[in-house]
Each structure stands twice: as C-alpha cells, then as structure tokens.
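# Examination of the molecular architecture
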Amino acid sequence: MFLQKAWRAAAFGVYGFNNFTKSGFLDHAKKFKEEDMNVTIEGKNCIVTGANSGIGYVTAEGLAQRGATVYLVCRSKERGEAALSKIQSTTNNPNVFLEICDLSSISDIKSFASRFSLENKPVHVLVNNAGLLEQNRVTTSEGLELNFAVNVAGTYTVTELMLPLLEKAAPDARVITVSSGGMYTSPLTEDLQFSKSKFDGTLQYARNKRVQVALTEKWAETYKDKGIGFYSMHPGWAETPGVSKSLPSFSKSLSSKLRTDKEGADTVIWLALQPKEKLVSGVFYFDRAEATKHLPYAGTANSHSVIGSIVENLRSLCGFTS
C-alpha cells in the first residue's frame, strides 16, 4: 500500500509537471481550433457556481461575452456583487445575475433551487465550479465535513435539483464539473467524510475530486435518455486565489510555471460551446481533449465500481427520499 501511494505521488508529479503547467497548456494549445471558441450562445441560460473569482469568474465572464444569460452562484453577497458589476461592465451584457447560496449547506442549496425553479427557465449549462480545500477538519452545522460538503454533497445536490430544468433545455443541456488532477492520487473510497483515519485536507480534496469524476460517469449512464450531457474536466495547475490560499507552498514554488485562471477556464468554456455531437458524456476532459482518468499502475481504475453505493449514501445524506 505504501509503495503504491508513493508510486501514485511520483507518477502524478511527473505527469503533472509535464502537462498541467503553463508550458503544458501552451504546447497543447497548438492543436486548438480558434473557431471552436468563436461561438455565440444568446438565449441560453448558464449557471456557474463559485463565480466570484478564479476559474468560475473567468468562465462566467466568457459565457456572458458570448451572449448567454449567466447566473453567478456565490456564497458572499459582497464578492458576488463585485463580480456581477465587473462582468456586466466588461461584457456589456445586462443578462448577468447574482444568486446567493452557500454551497456547503444542503438546506441553502435547496432554498436556492426552489427559488430559481419558480421561474421555470431551461438550464442549458450548469458549471459545477465551486470548490474548497480546507486543511483542517471542520464540520458544518448539518454535520458534514466541510470539504466533502462543498465539493461532493453540494455538487451532487445542485445537479440533482437542476435536472428538471436541464431536461427543459434538452437535447442541448450539459453539466460541466470542474475536478482536479489531484484525483489521480486517490482511488474512489466510500469513506466520504474521512472518518477512518487521521484527517488530511489535501488527500480529502483529492478523494472528493475522484468522486466528482465517478459521479459524472454515473450521471451519464443514469440519465443517458434525458438529453443531458455530463462532463468532468481538469483545469491544470492554475494560479487562482483558491490555490494560493489552500496550497501556499505549492503556489509559491511553482509560481512562474502555473497557468493563468483564463488558461484554466479554457476547457470549461470550450465544453459549454461545443456541439453535443463532438463531446462524449461521462468523459473526463483536459485541454479540449479526452483525458485518462487513471495513471498507469496507480490502482485506481477498479475503484469506480463502488460509485453505486456512494450515490445511495449521498441521496441519504443530502435528503433525497425518492
């Protein structure tokens, strides 16, 4: 077990340094097609969680620039209003709106979804971007470990509650979940709240991100007849406020090699713009291309078999009774 963990860490480091850095992006960008991004999406409704900074902000701005009606879902009213004002100003798009919601709270998410659903608008694009890496164990008022609450329970609850509105946008509806390359360092585990060993925030984040990738596969299979595409993606190692705060030593040591938040958001926007026939539901994307979900000999591939029991657990934890 120790040797396998060591191998995962080493393989991830080498693979990441060669691909996830700015130089990796610039190399991969040589194959990008400019016309893929020259797309307008007027009349489409897009929801972006965690949209007040970093990749979420750039994604929301990029969609607004292309004419979409964009809903910024943010926890902080102050930071959300600042982001809203800036996006409206830079894009000249008046159809950008702010929704206040704490993604660590299941009850708050349900209130937001209920409020939003009253308008009965089709949701063409849902971007699950909100994420958290808290190094210490923190428990929410609902009894959930905080990283898990935001990254997994929040993502799961938002997506499930938006399904009726996503169906209204079928066959063009899509859900894009922003995962992380950190998931390469961990197999899928049913210990969702990290209760079976000493807490490690970075490892919990990696576990959460692995769940997101496996969830995307499960959603693609479960809802394959609903006209909704489900995609997970990795933005690479980008220099965002979240990375600087949660991984200061990593951010400092690789500061000159990290991607910009715009480079990190590139594939999110690309996934939102492409014709559905060019994409494969359930797939993990990186730099506008299908990417592997498992590194060689890392022992993570078979772990996705437990996703069914994880979903059952999530439904219970998140209060879905049917």
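Residues numbered from 1 in each chain as written. Predicted model: local features only at pLDDT ≥ 70, side-chain atom pairs only at ≥ 80, totals over all residues. Heavy atoms only, no water.

Tallying each qualifying case throughout the model produces 0 disulfides. Here Cys-46 is not disulfide-linked; the sulfur of Cys-74 is the nearest cysteine sulfur, at 15 Å. For Cys-101, which is in no disulfide, the shortest distance to another cysteine sulfur is to Cys-74 and amounts to 10.0 Å. (Disulfide = S-S within 2.5 Å.)

Here we take up the sheet that holds strand E5 (residues 173-178). Picture the strands of a sheet paired through backbone hydrogen bonds; they go either parallel or antiparallel. Taken together, the 8 strands give an open sheet; going across it, the order is E3-E2-E1-E4-E5-E6-E7-E8, and neighbouring strands pair in mixed fashion. Because the sheet does not close on itself, it has two edges, and the strands there are strand E3 (96-100) and strand E8 (289-290). Bridge analysis of strand E1 (residues 45-49) against strand E2 (residues 69-74) gives 5 bridges, and the strand direction is parallel. Looking at E2, one finds that Thr-49 is bridged to Val-73. Sitting on the sheet, helix H3 (residues 54-65) touches E1, E2, E3 and strand E4 (125-128), and the angle it makes with E1 is about 170 degrees. Sitting on the sheet, helix H6 (residues 146-168) touches E1, E4, E5 and strand E6 (228-234), and the angle it makes with E4 is about 175 degrees. (Pairing = 2+ DSSP bridges. Helix = DSSP H or I, 4+ residues; strand = E, 2+ residues; numbered from the N terminus. Contact = heavy atoms within 4.5 Å. Axes fitted to C-alpha atoms, helices over the stretch in contact; angles between N-to-C directions.)

All right, on to the nonpolar core then. Judged by nonpolar contacts, the single largest core of 43 residues is most densely connected at Met-162 and Leu-166. Looking at which element gives the most residues to this core, the answer is H6, with 10 residues. The next biggest cluster of nonpolar side chains, apart from the first, holds 36 residues, and it includes Ala-51, Leu-63, Ala-265 and Leu-273. (Core = buried A, V, L, I, M, F, W, Y, C linked by side-chain atoms within 4.5 Å. Buried < 20%, exposed > 50% of the residue type's maximum accessible area, 1.4 Å probe, protein only.)

This part takes up the layout of surface pockets. By volume, the second largest pocket is sized at about 310 Å³. Within the residue set of the lining of the second largest pocket, elements represented by two or more residues are helix H1 (2-19), helix H2 (22-28), strand E7 (284-286) and E8. (1 Å grid on protein atoms, 1.4 Å probe; cavity = no way out; pocket = protein on both sides within 12 Å on 5 of 7 lines; lining within 4 Å. Points joined across faces, edges and corners; volume = space filled by probe spheres on them.)

Running from amino to carboxyl end, H3 crosses helix H10 (residues 261-273) at an angle of 50 degrees, the nearest separation of the two axes being 8 Å. Taken together, the axis directions place H3 and H10 in an arrangement best described as oblique. For the element pair H3 and H10, the recorded crossing hand is right-handed. Of H10, the residues touching H3 (which contributes Gly-54, Ile-55, Val-58, Thr-59, Gly-62 and Leu-63) are Asp-261, Lys-262, Gly-264, Ala-265, Val-268, Ile-269 and Ala-272. Considered class by class, the residues forming the contact of H3 with H10 number 7 nonpolar, 4 polar and 2 charged. (Parallel < 35°, antiparallel > 145°, perpendicular 65-115°, else oblique. Left-handed = near helix turned anticlockwise from the far one by under 90°. Nonpolar A, V, L, I, M, F, W, Y, C, P; charged D, E, K, R; others polar.)

In this section: the side chain of Ser-186. Tracing the sequence through the fold places Ser-186 in the loop between E5 and helix H7 (201-222). What makes Ser-186 buried here is its relative accessible area of 2%. Sequence-distant contacts of Ser-186, defined by excluding residues within four places in its chain, comprise Arg-8, Leu-203, Ala-206, Arg-207, Arg-210 and Thr-300.

Let us look at the pairing of E1. Burial runs high along E1: 5 of the 5 residues are buried. Side chains Asn-45, Ile-47 and Thr-49 of E1 all project onto a buried face; the interleaved residues Cys-46 and Val-48 project onto the opposite face, where all are buried too. Here E1 runs beside E4; their pairing, made up of 3 bridges, is parallel. Among the inter-strand pairings, Cys-46 is bridged to a residue of E4, identified as Val-125.

The next thing to look at is the side chain of Glu-160. Positionally, Glu-160 belongs in helix H6. Looking at Glu-160, the relative accessible area reads 11%, which means it is buried. Beyond its immediate sequence surroundings of up to four residues, Glu-160 is in contact with Trp-219, Tyr-223, Arg-315 and Phe-320.

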